Every structure is written in C-alpha cells, then in structure tokens.
Amino acid sequence: MSDRPDWSLAPASTIARSVAEGSVAASDVAAAALARIARIDPQVNSFTNILSERVMARAEALDAARGRGETLGPLAGVPFAVKNLFDVAGLPTRAGARINRERPPAARDAALIRRMEAAGACLVGALNMGEYAYDFTGENVHDGDTKNPHDLGHMSGGSSGGSGGAVAAGLVPLVLASDTNGSIRVPSAFCGCFGLKPTYGRLSRAGSFPFVGSLDHLGPMARSSLDLALAYDAMQGPDPEDPACAVRPPEPTVAGLDAGIGDLRIAMAGGYFACRGHPEAFAAVDHVARALGCSRRVEIPEAARARASAYLITAAEGAALHLDRLRTRASDFDPAVRDRLIAGAMLPAPFVERAQRFRRWYRAAVLELFGEVDVILAPATPCRAPRSGQKTFLLDGVEWPVRANIGLFTQPISFIGLPVVAVPAWLDGGLPLGVQVVAAPWREAVALRVAHELERAGAVRAPVATLEPET
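What comes next is a walk through the structure. Values in this document were obtained by computation on a predicted structure and should not be read as measured data. (Residues numbered from 1 in each chain as written. Predicted model: local features only at pLDDT ≥ 70, side-chain atom pairs only at ≥ 80, totals over all residues. Heavy atoms only, no water.)

### Things to note about the environment of Arg 384
Part 1: Tracing the backbone through its elements, the reader meets Arg 384 in the loop between β11 (375–379) and β12 (392–395).
Part 2: Each C-alpha atom, one on Arg 384 and one on Arg 265, is 28 Å from the other, the two residues being 119 residues apart in sequence.
Part 3: Each residue touching Arg 384, except ones within four places of it in the same chain, is listed here: Phe 190, Glu 280, Leu 427, Asp 428, Gly 430, Leu 431, Pro 432 and Leu 433.
Part 4: Separated by 2.6 Å, the side chains of Arg 384 and Asp 428 make a polar contact. (Helix = DSSP H or I, 4+ residues; strand = E, 2+ residues; numbered from the N terminus. Contact = heavy atoms within 4.5 Å. Polar contact = N/O pair within 3.5 Å; in protein donor to acceptor, adjacent residues only side chain to side chain.)

### Description of the environment of Gln 390
Part 1: Here Gln 390 shows up in the loop between β11 and β12.
Part 2: Between the alpha carbons of Gln 390 and Ala 30 there is a distance of 36 Å; along the sequence they are 360 residues apart.
Part 3: Beyond its immediate sequence surroundings of up to four residues, Gln 390 is in contact with Met 155 and Val 402.

### Concerning the pairing of strand β7 (residues 194–197)
Part 1: Along β7, one buried face is formed by Phe 194 and Leu 196 and the opposite face, lined by Gly 195 and Lys 197, is buried too.
Part 2: In terms of strand pairing, β7 meets strand β8 (residues 217–222) through two bridges, oriented antiparallel. In the sheet register, Gly 195 faces β8, and the bridge partner there is Met 221.
Part 3: With three bridges joining them, β7 and strand β14 (residues 420–425) adopt antiparallel strand pairing. Counted as the bridge partner of Leu 196 is Val 421 from β14. (Buried < 20%, exposed > 50% of the residue type's maximum accessible area, 1.4 Å probe, protein only. Pairing = 2+ DSSP bridges.)

### Details of the pattern of salt bridges
Proximity of charged atoms lets side chains of opposite charge pair with each other.
Part 1: Under the counting rule described, the total for this entry stands at 27 salt bridges.
Part 2: With a closest N to O distance of 2.9 Å, Glu 102 and Arg 329 form a salt bridge. Here Arg 329 lies in helix α9 (residues 303–329) and Glu 102 lies in the loop between β2 (79–83) and α4 (111–118), a separation of 227 residues in the sequence.
Part 3: Owing to a relative accessible area of 53%, Glu 102 belongs among the exposed residues under this scheme.
Part 4: What you see here is one network of salt bridges that share partners, running through Arg 98, Glu 102, Arg 329 and Asp 332. (Salt bridge = Lys/Arg side-chain N within 4 Å of Asp/Glu carboxyl O.)

### Some words on the side chain of Glu 444
Part 1: Relative to the helices and strands, Glu 444 resides in helix α14 (residues 444–456).
Part 2: Despite its burial, Glu 444 pairs with no opposite charge; the closest candidate is Arg 202, at 4.7 Å N-O.
Part 3: Among the polar contacts listed, one links the side chain of Glu 444 to the side chain of Tyr 232, at a separation of 3.3 Å. (Lys, Arg positive; Asp, Glu negative; His and termini not counted.)

### Considerations on the packing of helix α2 (residues 26–44) against helix α3 (residues 52–67)
Part 1: Their axes nearest at 7 Å, the elements α2 and α3 cross at an angle of 160 degrees. Taken as axis vectors, α2 and α3 run roughly antiparallel relative to one another. Relative to α3, α2 is oriented so that their crossing is right-handed. Facing α2, whose interface residues are Ala 26, Ser 27, Ala 30, Ala 31 and Leu 34, α3 presents Ser 52, Val 55, Met 56, Ala 59, Glu 60, Leu 62 and Asp 63.
Part 2: Considering only residue class, the contact of α2 with α3 consists of eight nonpolar, two polar and two charged. (Axes fitted to C-alpha atoms, helices over the stretch in contact; angles between N-to-C directions. Parallel < 35°, antiparallel > 145°, perpendicular 65-115°, else oblique. Left-handed = near helix turned anticlockwise from the far one by under 90°. Nonpolar A, V, L, I, M, F, W, Y, C, P; charged D, E, K, R; others polar.)

### What to know about the sheet that holds β11
Part 1: An order of β1-β3-β2-β6-β8-β7-β14-β15-β11-β9-β10 is seen for the 11 strands of this open sheet, with the pairing classed as mixed. Lying at the two open borders of the sheet, with one neighbouring strand each, are β1 (47–50) and β10 (297–298).
Part 2: Pairing of β14 with strand β15 (residues 433–439) involves six bridges; the strand directions are antiparallel. Of the residues in β15, the one forming a bridge with Ala 422 is Gln 436.

### Some thoughts on α9
Part 1: End to end, α9 covers 36 Å across 27 residues, agreeing with the expected 39 Å (1.5 Å per residue, within 8%).
Part 2: The sharpest bend along α9 reaches about 60 degrees and sits at His 322. (Expected span 1.5 Å × (residues − 1). Bend = angle between axes of the 7 residues up to and from the residue.)

### Some thoughts on the pairing of β2
Part 1: Among the five residues in β2, five count as buried, and that is most of the element.
Part 2: In this view, the connection linking β2 to its parallel neighbour strand β3 (residues 122–127) by way of α4 has right-handed handedness.
Part 3: One ladder, built from three bridges, connects β2 with strand β6 (residues 174–179); its direction is parallel. Following the sheet pairing, Ala 81 is matched in β6 by Val 175. (Right-handed = clockwise from strand over helix to strand, strands pointing away.)

### Here we look at helix α8 (residues 279–291)
Part 1: Relative to the 18 Å expected for 13 residues at 1.5 Å per residue, α8 spans 19 Å between its end C-alpha atoms, a close match to the ideal helical length.
Part 2: Every buried residue of α8 is accounted for by Ala 281, Phe 282, Ala 284, Val 285, Val 288 and Ala 289. Seen end-on, α8 carries its buried residues on one side only, within an arc spanning 145 degrees. Opposite the buried face of α8, at more than 90 degrees from it, the exposed residues are Pro 279 and Arg 290.
Part 3: Elements in contact with the buried residues of α8: β9 (266–269), β11, β14, β15 and α14.
Part 4: Phi turns positive one or two residues past the end of α8, at Gly 293, with a value near 70 degrees. (Arc of directions from axis to C-beta.)

### Some details on unusual backbone geometry
Part 1: Residues Gly 158 and Ser 159 are joined by a peptide bond in cis, for which omega reads 5 degrees.
Part 2: Here Ser 159 shows up in the loop between β5 (151–155) and α5 (161–168).
Part 3: Not every positive phi belongs to a glycine, and Ala 133 is a case in point at roughly 65 degrees.
Part 4: Topologically, Ala 133 is positioned in the loop between β3 and β4 (147–148).
Part 5: Even without glycine at this site, Asp 396 takes up a positive phi of about 55 degrees.
Part 6: Inspection of the secondary structure puts Asp 396 in the loop between β12 and β13 (398–401).

### Side note on the packing of aromatic side chains
Geometry of an aromatic ring pair is reported as the spacing of the ring centres plus the angle between the planes.
Part 1: Applying the stated rule across the entire model yields 11 aromatic pairs.
Part 2: Taking the centre distance of 5.7 Å and the plane angle of 25 degrees together, the rings of Phe 358 and Tyr 362 count as stacked. Here Tyr 362 and Phe 358 lie together in helix α11 (residues 349–369), a separation of four residues that amounts to about one turn. For the pair Phe 358 and Tyr 362, one class covers both residues: buried.
Part 3: Residues Phe 358 and Phe 415 carry aromatic rings whose centres are separated by 6.3 Å and whose planes lie at 20 degrees to one another, so their mutual orientation is stacked. Of the two residues, Phe 358 sits in helix α11 while Phe 415 sits in the loop between α13 (411–414) and β14, which places them 57 residues apart along the sequence.
Part 4: Its relative accessible area of 10% is what places Phe 358 among the buried residues. (Phe/Tyr/Trp six-rings, centres within 6.5 Å; stacked < 30°, edge-to-face > 60°.)

Following this line, the structure appears as structure tokens:
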C-alpha cells in the first residue's frame with residue numbers, strides 16, 4: 001500500500017483547501033477514495049454504482065484548471081456520493097427498486113449534483129437505499145443490506161443507509177441523501193455522523209425520484225459540522241424546476257459557524273420526546289444539553305398526533321405515486337414496502353384530509369413555540385441501531401415493530417418541514433446515538449452553529465469506523 005495519506009479519511013474542508021493550494025492533486029484524492037471503496041465497501045455494501053472514469057476525469061480537469069492558475073471552488077477535489085434516487089447522467093435512477101433499474105439512463109445529473117460539482121466536488125458514485133425510500137433500517141432485498149460500519153451485525157438505518165455507511169466507513173467525506181420522515185437523521189444517528197435536513201423547500205429536489213412530495217427533503221451528511229455547512233452553502237438557491245423550492249437567495253452559513261451559541265435560547269423537548277425510548281436515547285440529549293449549559297424543557301404540543309398524521313399522509317401520497325406499479329408489478333416490490341403502499345391506497349380520503357387540516361394547526365402551534373426558544377433538542381431515534389434482521393424492540397415495556405417505529409422522534413419534526421442538524425453522541429463505548437438540533441424555518445445557520453459548538457467542545461464527534469488492520 002502507498003505511504004501517501006489516505007485522503008478519503010480527511011474532512012472535506014481539508015481536502016478542498018489542500019487541492020486549492022496545490023499541496024495535493026485532486027486526482028490523488030479521487031484515486032485514494034476509489035482504492036478505499038474497493039477495500040472496504042464489500043464489507044459495508046454502501047455503493048450500488050462506482051463511477052471510476054467519471055471521478056478521475058473530473059479530478060484531472062480540476063488539476064489542469066489549477067495548473068492554469070484558475071481559482072477553484074470551495075469544495076475543490078472533494079469526493080462525494082449520492083443516494084441512488086438522485087439522477088446521475090448515464091445511470092438508471094434506481095431509488096432502491098428492482099423495477100426502476102429498467103428505466104432509461106438519466107439524461108443529466110440532478111440539480112444538487114450540478115451545484116456540488118460547480119463548487120469543485122467530484123462525484124464518485126451512487127449509494128444503496130431502502131426501496132422507494134420507504135424504510136428506516138437500511139435493508140434492501142434487491143441490492144442487499146447496508147451494514148453499520150461500527151458493528152457489521154447491526155443496521156445502518158434508512159432509508160439513506162448507504163449514505164450513512166459510506167460516511168462512517170470513511171469511503172467519502174460527503175454524501176447527498178433524502179429525508180421524508182427521518183431518512184437522513186436515522187442513519188446519521190445509527191452510523192455516528194452529522195446530517196442536515198434543511199427547511200422544506202430550501203434545496204432543490206429537481207432530478208430526484210420522489211416519495212412523498214409534501215414531505216421530501218434533500219440534504220448532506222458528513223463527518224463534521226463544517227463539512228455539512230460547506231455542502232449546504234454550495235447547494236442553496238432557487239430552482240424553477242422544483243415548484244416547491246423557495247424563491248429565496250442563498251444565506252451562507254460557513255462564516256457564522258464560529259460565532260458560538262451566544263444568547264441563543266436552547267431547550268430540551270419534553271413530553272412525547274422524553275418517553276417511549278431506551279434510557280440511553282434520553283441520556284444522549286442530556287449529554288448534549290449539559291455541554292450547551294441547557295436545563296430548560298419545553299413541550300411540543302400534540303407531537304403524537306403529528307406523527308400519526310405524518311403516517312397517514314406518507315401512506316396515502318406514497319401509494320398514489322406507485323399505484324400503477326402496484327397494479328402491474330406487485331411481485332417485483334419488496335413485500336414489506338408493497339404491503340405498506342397497498343394499505344396506504346385503501347385509506348379513506350377523509351382521514352387524509354383531516355391529517356392535512358391538523359398539519360396546518362400544528363405548524364402554527366410549533367412556530368409559536370419558536371417565539372420562546374431558538375433551538376430544541378430531541379432524540380433522533382428511540383434506541384441505538386438494532387441488530388440486522390431484528391423485527392421488534394421493547395419501548396416502555398411494549399413490543400413494537402422496528403421498521404415502522406424507528407422514526408418516532410423524527411416524524412413530528414419533518415411533518416412541518418423544520419430544519420434539523422443530527423449530531424452523533426458516543427456515551428459509553430457502545431454504538432452511537434443521535435440528537436436532533438431543531439430550529440425554526442430558514443434558520444439552518446442557527447442549528448449548524450449549535451452543532452459546531454458541540455463539536456468544538458468535544459461533546460459530539462464522527463469517527464471513521466475501524467474496518468481494516470492498521471498498516
């Protein structure tokens with residue numbers, strides 16, 4: 001093995017600075033990433049497509065541009081990968097499904113891929129995911145399950161399981177994923193990395209395969225809060241190709257990360273968010289709160305009803321999207337996904353209408369709460385990553401299905417599109433736990449500042465999993 005540093009283990013910020021300064025070639029970084037993927041990914045199963053020729057050509061073009069004296073972008077030479085529901089030119093957009101791989105190859109890249117590459121990043125490949133994003137576990141019957149890099153016998157979380165696995169295994173420093181009901185925050189928690197679910201409508205979804213149009217978000221995952229902010233800043237801006245994308249100018253966050261928490265009003269979520277979970281999930285919130293000097297508690301009103309309403313809307317909208325495929329290709333679905341979609345198709349319309357009416361009330365009530373606080377801390381999941389194949393778990397002495405209930409604490413937040421940074425806490429030598437840092441709409445900068453302060457204080461961290469002997 002070469003004595004050169006394994007640049008795929010470096011933060012995106014370090015790679016970009018080094019490539020821009022010329023202390024490392026972008027092509028060397030890309031080659032290191034490809035070599036590490038070849039060594040490590042067979043254990044983790046994060047990637048479904050590896051774009052070796054594309055990433056090397058892109059990196060060599062950056063090296064040539066630097067040689068001509070051109071200024072490189074803020075993500076110069078940074079390898080990144082995307083959940084396979086993003087369009088990648090030349091590949092069918094799988095969305096984790098058997099049926100989708102029969103689609104024609106995408107004609108061009110998704111909007112966010114184009115923006116990442118405009119900032120200098122280099123696309124390495126596409127990542128495994130739960131079928132049609134209807135998953136919280138990281139399991140896929142078509143492409144195999146993504147394993148948790150910190151313990152290969154445990155789940156990676158979903159539906160962005162390949163994304164969490166790729167970051168935690170040190171395969172790439174940045175990934176792009178999606179979050180409808182928790183699919184960035186759950187694998188961030190299980191795999192011990194940072195994840196950002198922006199405000200609904202903040203980042204363009206153009207060129208991505210949908211799940212639930214009124215709940216779908218796209219965002220980055222990384223091993224540091226600074227890398228999250230770098231990627232987020234590169235992707236901001238309106239996009240007429242996504243009708244839900246806000247007509248709102250970019251609001252950069254990187255420059256404000258070191259501002260500290262100052263007089264931010266921070267509180268822990270009580271009530272619904274302080275029960276029906278394992279003790280360590282709540283201990284993680286307490287740990288983060290202590291690091292921030294926070295002792296206040298607030299209660300998000302009607303959070304249980306919000307989760308139930310999110311479930312109804314998810315099932316109904318998801319079923320409507322897939323109705324033709326369910327009629328003609330039912331046997332080609334993952335049976336667990338198929339059955340949930342069929343159940344959604346049979347929901348009475350008044351149930352869904354009532355859930356939407358409640359959604360408007362709930363949003364107003366939560367926004368009123370943000371008049372009293374700036375940030376709310378909540379657990380990301382009710383437990384650490386379950387074992388692979390585990391079907392049930394105990395919550396408050398009651399046995400619950402794993403797949404349907406890992407999102408207990410994420411669904412009431414994404415239901416109204418709030419921005420969240422998931423931060424990884426390591427308490428006792430076991431697997432990591434996640435904490436949600438929740439802010440008011442359009443205040444991603446606040447959530448990122450809090451995450452950065454926690455990281456600077458050593459309260460949260462995202463180590464690369466040890467998957468091979470030291471050399």
